[in-house]
Amino acid sequence: QVQLVESGGGLVQAGASLRLSCAASGRTFTSYTMGWFRQAPGRDLEFVAAITWNDDRSHYADSMKGRFTMSRDNAKNTVYLQMNNLKPEDTAVYYCAAAYRVLAVMNQGNYAHWGQGTQVTVSS
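Here the structure is a predicted model, which is why all the values come from computation and not from measurement.

**Q** Can you help me understand the packing of aromatic side chains in this one?
**A** Remark: the centre distance and the inter-plane angle together describe each pair of aromatic rings, the angle taken between the planes. Within the structure shown, the criterion is met by five aromatic pairs. Arranged with centres 5.3 Å apart and planes meeting at 65°, the rings of Tyr-32 and Tyr-100 form a pair that is edge-to-face. Of this pair, Tyr-32 sits in strand 4 (residues 32-39) while Tyr-100 sits in strand 9 (residues 92-100); the two residues are 68 residues apart in sequence, bridging distant segments of the chain. Exposure remark for Tyr-32: the relative accessible area of 9% places this residue in the buried category. Classification of Tyr-100 as partly exposed rests on a relative accessible area of 46%. For the pair Phe-37 and Phe-47, a centre-to-centre distance of 5.6 Å together with 75° between the ring planes defines the contact as edge-to-face. With Phe-37 in strand 4 and Phe-47 in strand 5 (residues 46-51), this residue pair connects regions lying ten residues apart in the sequence. As far as the burial class goes, Phe-37 and Phe-47 line up, both buried. Chaining the aromatic ring pairs together yields one cluster made of Phe-37, Phe-47, Tyr-111 and Trp-114.

Right, here's the structure in full:
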């Protein structure tokens, strides 16, 4: 069983940066594709980024490319989401998720484990 705990959210002004962290429990962290999703008020859950378990490659939603960077530290069982040049439309609850040996990273249904979410609010 994998447990995920996100941190790092907050209230920032447009143009600022935030780094979200997601700490995972368990001994097989390297076998999990790790992803970030977000849900804005009144909207569906949206894929943000992921790192695949087998090659540590990063994958991003088109709207996040160039502003968001995801990384993982396998020694710390932690993934990060560095968010730069934040915009008001980035306001959402951000969720960390884990999928065991999955390569189809954008499908939220592939992720069996989810964190509780962390709120990011960007003011204009």
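After presenting the structure, the write-up continues.
**Q** Got a minute to help me understand the pattern of salt bridges in this structure?
**A** Side chains that differ in sign of charge can pair as their charged atoms come close. Inspection of every chain in the model, using the stated rule, returns five salt bridges. Salt-bridge contacts for Arg-72 lead to Asp-56; the nearest nitrogen and oxygen are separated by 3.9 Å. Here Arg-72, found in strand 7 (residues 68-73), pairs with Asp-56, found in the loop between strand 5 and strand 6 (58-60); they are 16 residues apart in sequence, far enough to count as distant. Exposure remark for Asp-56: the relative accessible area of 39% places this residue in the partly exposed category. Its salt-bridge partner being Lys-65, residue Asp-62 comes within 3.3 Å of it at the nearest N-O pair.

**Q** Sorry if this is basic, but what is going on with the nonpolar core here?
**A** Soluble, globular proteins show a tendency: their nonpolar side chains are buried together. With 38 residues, the main nonpolar core has Met-34, Trp-36, Met-70, Leu-81, Met-83 and Tyr-94 as its most contacted residues. Broken down by secondary-structure element, the contributors of at least two residues to this core are strand 3 (18-24), strand 4, strand 5, strand 7, strand 8 (78-83), strand 9 and strand 11 (118-123). If you tally residues by element for this core, the top one is strand 9, at six residues. Ignoring any residue separated from it by four or fewer positions in sequence, one finds Tyr-94 in contact with Glu-6, Leu-20, Trp-36, Phe-37, Arg-38, Val-48, Phe-68, Leu-81, Met-83, Gly-117, Thr-118 and Val-120.

Criteria and thresholds
- Residues numbered from 1 in each chain as written.
- Predicted model: local features only at pLDDT ≥ 70, side-chain atom pairs only at ≥ 80, totals over all residues.
- Heavy atoms only, no water.
- Phe/Tyr/Trp six-rings, centres within 6.5 Å; stacked < 30°, edge-to-face > 60°.
- Helix = DSSP H or I, 4+ residues; strand = E, 2+ residues; numbered from the N terminus.
- Buried < 20%, exposed > 50% of the residue type's maximum accessible area, 1.4 Å probe, protein only.
- Salt bridge = Lys/Arg side-chain N within 4 Å of Asp/Glu carboxyl O.
- Core = buried A, V, L, I, M, F, W, Y, C linked by side-chain atoms within 4.5 Å.
- Contact = heavy atoms within 4.5 Å.

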